[in-house]
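Each chain, written out:
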Amino acid sequence: MLRDTVTLLAVSAGLGFFLAGTLGLIRFPDTPTRLHALTKADNLGLGLVVLGLLAQAAEATTALKLLLAWGLALLAGTTGSQLLARLARPAHPAGAHPAAPPAGPPGPAA
Amino acid sequence: MTGALLDLLLAGAALGAAAWSVAAADDRRALLAFLGYGLLLALAWTRLGAVDVALTEAAIGALSAVLLLGAVARLPAGPAPGAPPPPGPVRRAVAGILCATVSLALMAAILLLPSPAPSLARPAAEGLPALGLGNPVTAVLIGYRALDTLLEKVVLLLALVGVWSLAPDAAWGGRPWAGRPWAGRPWHGAAPDGSLVLLARLLPPIGILLGIHLVWVGAEAPGGTFQGGTVLAAMLLLAAMAGLVELPRTGSRGLRWLLAAGPAVFFAVGLAGYALAGSFLAYPETVAKPLILLIEFALTPSLAVLLALLLAGPAEPPRGAR
Amino acid sequence: MPDPATLAAGTAGGPLLVLALAVPFCGVLAMLVLGGRRAERLAPLLLAACLALSLAIAGTVLGTRAAVVEVIGGWAPPLGLRLRADGLSAALLVTTALVCCAVAAFAWPDLRSPADGPERRAPAVFWLLLVGLWGSLNAAFLGQDLFNLYVALELLTFAAVPLVCLTGSRETIEAALRYLLFALLGSVLYLLGTALLYGAYGTLDIALLRMRVDPSAASLCAAALMTVGLLAKAALFPLHLWLPPAHAGAPAAASALLSALVVKAPIFLIVRLWFDAMPMLLGLPAAQLLGLLGAAAILFGSVLALRQRRLKLLVAYSTVAQIGYLFLVFPLLVGNVQAGSTDAWLGAALQLLSHAFAKAAMFLAAGLIAESLGHDEMARLGPAARAVPFTVLAFGLSGLSLMGLPPSGGFAAKWLLLLAAINGGQWWWALVLLAGGLLTGGYVFLVLSRAMAGGAGTARRLGPGRQAVVLALALASVAMGFVPLGSLGLLEIGRLPGGVP
């Protein structure tokens with residue numbers, strides 16, 4: 001009973017973050033701000049969902065696998081958003097990374 | 001009730017993604033919709049209880065995403081010069097009518113299939129103890145229909161030779177990606193101490209473990225050679241994209257031994273079946289499971305390298321030699 | 001009616017069938033590892049071994065007067081797989097072996113890596129794919145399970161497509177890509193049909209399907225889908241668009257393989273589907289439709305061949321036309337149930353076999369003429385006859401077989417088809433056959449007259465070795481008319497009873 005309540009609360013909260021992230025993805029004006037919105041979905045949204053499912057996990061190994069899934073999603077999301085942000089950043093000599101390329105291949109369609 | 005609602009949502013989303021992919025304004029949008037469609041299909045397979053297929057769909061979807069995104073990035077944004085004009089309304093209408101007819105016929109045929117459908121699930125399950133396996137999908141792949149799996153591995157090899165045949169004559173036997181501006185360094189000028197390289201250092205150990213685990217657990221639970229091999233191929237490609245590992249020379253003897261080893265072991269076990277159990281690809285009951293595991297673990301590295309090379313493409317002349 | 005005990009039993013000589021698959025594919029693996037000149041020297045050994053295997057299988061079929069069967073892995077259908085060689089399969093295996101050996105003999109002198117240098121691209125790819133193609137054809141001719149046949153089709157596609165763009169020029173890569181798209185579309189349609197059949201009947205084995213299939217929505221839909229898919233691969237009008245550029249753009253040896261053998265496998269599979277797996281499910285109207293498309297292919301292909309300005313394109317359109325003859329067998333067999341249809345069956349089989357030899361000879365001859373003259377334009381073929389006389393003779397002989405003039409194999413085939421048409425009361429196909437023969441004669445004589453016109457132009461004389469190979473193939477297609485296939489009864493061995501007699 002308690003488990004189910006925890007799951008419901010946590011997953012609903014997580015869905016709330018997912019909703020916020022999606023809304024930001026659609027409504028924000030440019031790539032960096034959209035990436036910022038997406039991080040909400042990845043970190044807190046998925047985290048809360050995983051937290052809720054942890055309450056339902058029957059064995060410890062399942063719980064560990066869920067946490068691993070969250071960790072991997074965080075890793076992939078971090079790398080992806082860093083790379084996308086680098087490509088979407090306007091050329092800015094003052095703040096440019098020392099090893100940044102002068103120009104990259106065509107960026108993703110906005 | 002909730003199950004049916006979920007299925008309806010999933011089916012609707014998949015169809016929507018497919019329709020968006022067909023109707024998209026340009027290639028990039030169509031491709032992204034197609035990749036989303038692939039992931040939704042993987043969920044659909046899970047709902048149907050075919051977890052092995054869902055794993056394969058997700059894994060192959062990821063690899064084909066790399067291939068397709070790379071290809072789309074090299075295409076010009078608009079129509080190519082000299083390309084034929086896009087089809088007019090009449091041709092589109094005819095194509096639409098043909099596709100609709102085929103779809104309706106398929107729908108009618110599927111809805112009118114006998115139910116409960118005749119299936120071989122029970123004979124397949126009854127044969128499992130003789131093979132020492134717990135996963136009927138693996139039993140079908142490496143037991144009952146092993147010849148099909150073996151021939152499909154040969155198909156992959158032939159496809160790889162075909163991809164290699166697109167190399168320029170002078171570059172035959174060279175390395176893939178050798179002609180890119182960033183050869184030997186991280187892709188597209190990513191920073192050597194940046195996030196891509198960090199990912200390529202952190203993820204492959206986990207990925208390799210996961211891949212081997214998928215192959216091992218495939219005997220009892222969903223998993224198997226192809227799923228594990230795909231994960232391993234993805235790790236190899238990630239390391240190569242980060243410049244941490246150089247893809248092997250396509251002419252190197254060691255690489256060719258590695259590629260041929262998997263199918264060769266499969267053939268050897270198959271032909272040994274004549275001596276051991278009286279028929280090609282037959283497994284004597286006492287050693288069935290060890291033989292099957294031998295085949296799977298011999299196939300996995302071959303498959304992983306093969307898939308990675310298939311995605312990497314043909315050999316290119318080295319940058320300075322252009 | 002096959003009972004479970006019969007299905008689980010193999011026959012003597014069964015392991016030969018497995019070797020027919022294992023030897024070429026293990027050979028591919030070995031060639032991949034050896035690389036370079038050593039791999040190319042392995043190829044003739046493999047081809048000789050495969051020739052011996054094919055002859056052994058044919059001999060066993062003839063000797064035991066029954067089909068050779070091998071059950072794979074000890075698992076009987078429907079759970080497992082079978083391989084089966086009946087009379088028609090055995091004849092096709094031997095023809096494949098002979099044509100592959102001839103093509104190898106043709107390509108041997110000049111498509112090699114240097115003795116002391118590294119492996120070169122075109123020879124390495126060609127020899128590896130030649131052996132792979134042979135194995136794929138064996139798999140298509142021996143399979144008895146619909147999914148196994150799908151794998152064989154995939155093998156064929158991926159062995160054949162890189163051969164089309166072997167030269168690497170832009171047009172050939174476009175042609176190869178178009179071929180690949182058509183082939184994959186065909187495979188997808190075939191697989192859809194297979195899935196429907198499994199869903200409806202719970203088995204994919206041809207003998208079991210034959211027992212269980214009945215005209216339901218699923219089986220009709222599946223039969224239609226699979227037939228259309230295989231038609232796309234076989235390049236029947238109007239799905240023939242990919243064939244002329246692909247076959248004309250490939251190097252001569254590859255074109256010979258593609259036109260003579262690769263296009264035949266899907267047609268063989270349609271025959272298997274229609275007469276073995278789902279006998280007469282689609283009925284006479286569908287058969288008449290196939291015959292109509294075949295007639296359209298004959299007329300359309302021959303007229304287009306007459307208008308070509310390049311020799312290799314002419315020969316490619318001739319392939320489009322000759323494939324149409326093979327589809328006339330459907331209305332003739334399905335409509336002739338009462339009148340006895342051995343004629344149509346024998347005629348179609350003879351057309352398959354003699355066309356393989358004749359078209360291979362024609363493409364190799366066209367390749368030699370192009371090499372001798374430096375070009376293959378129809379308008380400037382004049383010096384060919386003096387430079388490469390045996391080649392032009394071979395071209396003429398194979399044209400003889402394609403036209404259907406006695407005493408060639410093509411004549412025997414078309415004569416039998418004519419008989420079947422007239423005896424079965426479908427006289428309109430006889431008209432199509434005659435018209436096709438006339439048009440074929442038209443373009444063959446066009447080429448011969450231009451080639452013998454003489455006149456100015458430089459032409460290299462070529463050595464006798466390759467010309468001898470081409471001449472041997474052409475003579476084989478003529479000699480098919482003398483092989484007493486009918487009285488040997490080879491083609492009747494293993495035909496499943498109870499469907500079409």
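In this text, all values refer to a predicted model and were calculated from it rather than measured experimentally.

*Asks:* I keep staring at the overall build of chain A and nothing clicks. Help me out?
*Replies:* Looking only at helices and strands, one finds 3 helices and 0 strands in chain A. Order of helices (α) and strands (β) in chain A, N terminus to C terminus: α-α-α. The contacts in chain A between residues at least 6 apart in sequence include a share of 61% that link residues at least 24 apart.

*Asks:* Mind showing me how you'd approach the overall build of chain C here?
*Replies:* From N to C terminus, chain C includes 22 helices and 2 strands. The C-alpha atoms of chain C give a radius of gyration of 22 Å, which matches the 23 Å a tight globule of 501 residues would have. In terms of overall dimensions, chain C has a C-alpha envelope of 70 × 55 × 40 Å along the principal axes. Here chain C, with 501 residues, has 63% of them falling under the buried criterion. Restricting the contact set of chain C to residue pairs at least 6 apart, pairs at least 24 apart contribute 80%.

*Asks:* I'm lost on the interface of chain C and chain B in this one. Help?
*Replies:* One widely used convention gives an interface's size as the accessible area the parts lose upon coming together. The interface of chain C with chain B comprises 47 residues on the first partner and 49 residues on the second. Mapped onto the side of chain C that touches chain B, the elements with two or more residues apiece are helix 2 (14-34), strand 1 (68-72), helix 5 (121-142), helix 6 (146-164), helix 7 (170-201) and helix 9 (217-234) of chain C. Grouping the constituent residues of the side of chain C that touches chain B by class yields 34 nonpolar, 9 polar and 4 charged.

*Asks:* I would appreciate a short explanation of the arrangement of the chains in the present structure.
*Replies:* Contacts between protein chains span 2 pairs of chains, and they are most numerous for chains B and C. At no point do chain A and chain C touch; the closest pair of C-alpha atoms across them sits 25 Å apart.

*Asks:* Explanation requested: unusual backbone geometry in the structure shown.
*Replies:* Trans is the prevailing form of peptide bonds, just as negative phi is the prevailing case for residues other than glycine. A cis geometry characterises the amide bond from C:P77 onward to C:P78, with omega recorded as 10°. Take C:P78: it is sitting in the loop between strand 1 and strand 2 (81-85). Positive phi, close to 65°, is recorded for B:W177, a residue that is not glycine. Mapped onto the secondary structure, B:W177 falls in the loop between helix 8 (146-164) and helix 9 (195-217). Phi at B:L281 is positive, roughly 60°, even though this residue is not glycine.

*Asks:* Looking at this structure, I do not really get the packing of helix 4 (residues 87-107) of chain C against helix 16 (residues 342-373) of chain C. What am I missing?
*Replies:* How two helices pack is summed up by the angle between their axes together with the distance between the axes. All names here are of chain C. Where helix 4 contacts helix 16, the axes come no closer than 10 Å and their chain directions differ by 5°. On the basis of their axis angle, the class for helix 4 and helix 16 is roughly parallel. Here helix 4 contributes L88, A91, T95, V99, A102, V103 and F106 to the contact with helix 16, which in turn contributes A349, L353, A356, F357, A360 and L364. Residue classes in the contact of helix 4 with helix 16 are distributed as 12 nonpolar, 1 polar and no charged.

*Asks:* Any chance you could explain the domain arrangement of chain C here in plain terms?
*Replies:* Residues and elements named next belong to chain C. Domain parsing of chain C yields domain 1 (1-144), domain 2 (169-281) and domain 3 (301-484). On the side of domain 2, 15 residues touch domain 1, which itself brings 18 residues to the contact. Among the secondary structure elements, those contributing two or more residues to the side of domain 1 that touches domain 2 are helix 4 and helix 5.

*Asks:* For this particular structure, what's the right way to read the environment of C:V161?
*Replies:* Within the secondary structure, C:V161 sits in helix 6. For C:V161, a count of 24 C-beta atoms within 10 Å translates into the label buried. Separated by 17 residues in sequence, C:V161 and C:R178 place their C-alpha atoms 9.6 Å apart. Discounting chain neighbours no more than four positions away, the residues touching C:V161 are B:G162, C:A176, C:Y179 and C:L180.

*Asks:* Teacher, can you tell me more about the UniProt feature "transmembrane region" (unreviewed entry) in chain A here?
*Replies:* Within the UniProt annotation, "transmembrane region" (unreviewed entry) is assigned to residues 6-29, 41-58 and 64-85 of chain A. Summarising residues 64-85 of chain A: 100% helix, 0% strand, and an end-to-end C-alpha distance of 31 Å.

*Asks:* When you look at the environment of B:R28 in this model, what are you seeing that I'm missing?
*Replies:* Position of B:R28 among the secondary structure elements: in helix 2 (residues 27-47). Expressed as a C-alpha distance, the spacing of B:R28 and B:G207, which sit 179 residues apart in the sequence, is 28 Å.

*Asks:* Would you mind going over helix 7 (residues 136-144) of chain B with me for this structure?
*Replies:* Quick reminder: α-helices carry 3.6 residues per turn. Residues three or four places apart thus point the same way. Residue and element names in this part refer to chain B. Where burial is concerned, most of helix 7 is hidden: 7 out of the 9 residues are buried. What helix 7 keeps buried is the set T138, A139, V140, L141, I142, G143 and Y144. The inward-facing, buried residues of helix 7 contact helix 5 (121-126), helix 6 (128-131), helix 8 and helix 12 (288-312).

*Asks:* How do you make sense of the pairing of strand 1 of chain C when you look at a structure like this?
*Replies:* The side chains of a regular strand alternate between the sheet's two faces. For strand 1 of chain C, the tally of buried residues reaches 5 of 5 residues, placing the bulk of the element in the interior. Neither face of strand 1 of chain C is open: one carries C:V68, C:E70 and C:I72, the other C:V69 and C:V71, and all of them are buried.

*Asks:* I'm lost on the confidence of the model for chain C in this one. Help?
*Replies:* Close inspection of predicted coordinates is inappropriate in any region flagged by low pLDDT. The predicted model of chain C has a mean per-residue pLDDT of 88, with 95% of residues at 70 or higher. Prediction confidence for the complex, expressed as pTM and ipTM, is 0.93 and 0.94 respectively.

*Asks:* Just to check I follow, could you spell out the pairing of strand 2 of chain C for this structure?
*Replies:* Residues and elements named next belong to chain C. Of all 5 residues in strand 2, 5 are buried; the element is thus mostly enclosed. Judged by which residues are buried, strand 2 turns out to be covered on both faces: L81, L83 and A85 on one side and R82 and R84 on the other are all buried. Bridge analysis of strand 1 against strand 2 gives 5 bridges, and the strand direction is antiparallel. From the neighbouring strand, I72 faces strand 2, where its bridge partner is L81.

*Asks:* Explanation requested: helix 10 (residues 225-241) of chain B in the structure shown.
*Replies:* All names here are of chain B. For helix 10, with 17 residues, the first-to-last C-alpha span of 24 Å sits near the 24 Å given by 1.5 Å per residue. In terms of residue burial, helix 10 counts as a mostly covered element, since 17 of its 17 residues are buried. Downstream of helix 10 by one or two residues, G243 has phi in the positive range, about 75°.

*Asks:* What's the story with the environment of C:W274 in this structure? I'm lost.
*Replies:* Residues and elements named next belong to chain C. Looking at the secondary structure, you find W274 in helix 12 (residues 264-277). Of the residues examined, W274 has 25 C-beta atoms within 10 Å and is grouped as buried. In sequence terms W274 and T227 are 47 residues apart; their C-alpha atoms lie 8.8 Å from each other.

*Asks:* I would appreciate a short explanation of the packing of helix 14 (residues 311-327) of chain C against helix 20 (residues 427-451) of chain C in the present structure.
*Replies:* All names here are of chain C. For the pair helix 14 and helix 20, the least separation of the axes is 12 Å and the interaxial angle reads 165°. Overall, the two elements helix 14 and helix 20 adopt an arrangement that is roughly antiparallel. Here helix 14 and helix 20 pass one another in a crossing that is left-handed. The residues of helix 20 that touch helix 14, namely those facing L311, L314, S318, A321 and Y325, are G436, T440, Y443 and V447. Split by residue class, the contact of helix 14 with helix 20 holds 6 nonpolar, 3 polar and no charged.

Calculation rules
Residues numbered from 1 in each chain as written. Chains lettered and ligands numbered in written order. Predicted model: local features only at pLDDT ≥ 70, side-chain atom pairs only at ≥ 80, totals over all residues. Helix = DSSP H or I, 4+ residues; strand = E, 2+ residues; numbered from the N terminus. Contact = placed C-beta atoms within 7 Å. Rg over C-alpha atoms; globule rule 2.2 N^0.38 Å. Buried ≥ 20, exposed ≤ 12 C-beta atoms within 10 Å, placed from the backbone. Nonpolar A, V, L, I, M, F, W, Y, C, P; charged D, E, K, R; others polar. Axes fitted to C-alpha atoms, helices over the stretch in contact; angles between N-to-C directions. Parallel < 35°, antiparallel > 145°, perpendicular 65-115°, else oblique. Domains from an automatic or database assignment. UniProt positions renumbered as here; feature names shortened; annotations may be inferred. pLDDT = per-residue confidence, 0-100. Pairing = 2+ DSSP bridges. Expected span 1.5 Å × (residues − 1). Left-handed = near helix turned anticlockwise from the far one by under 90°.

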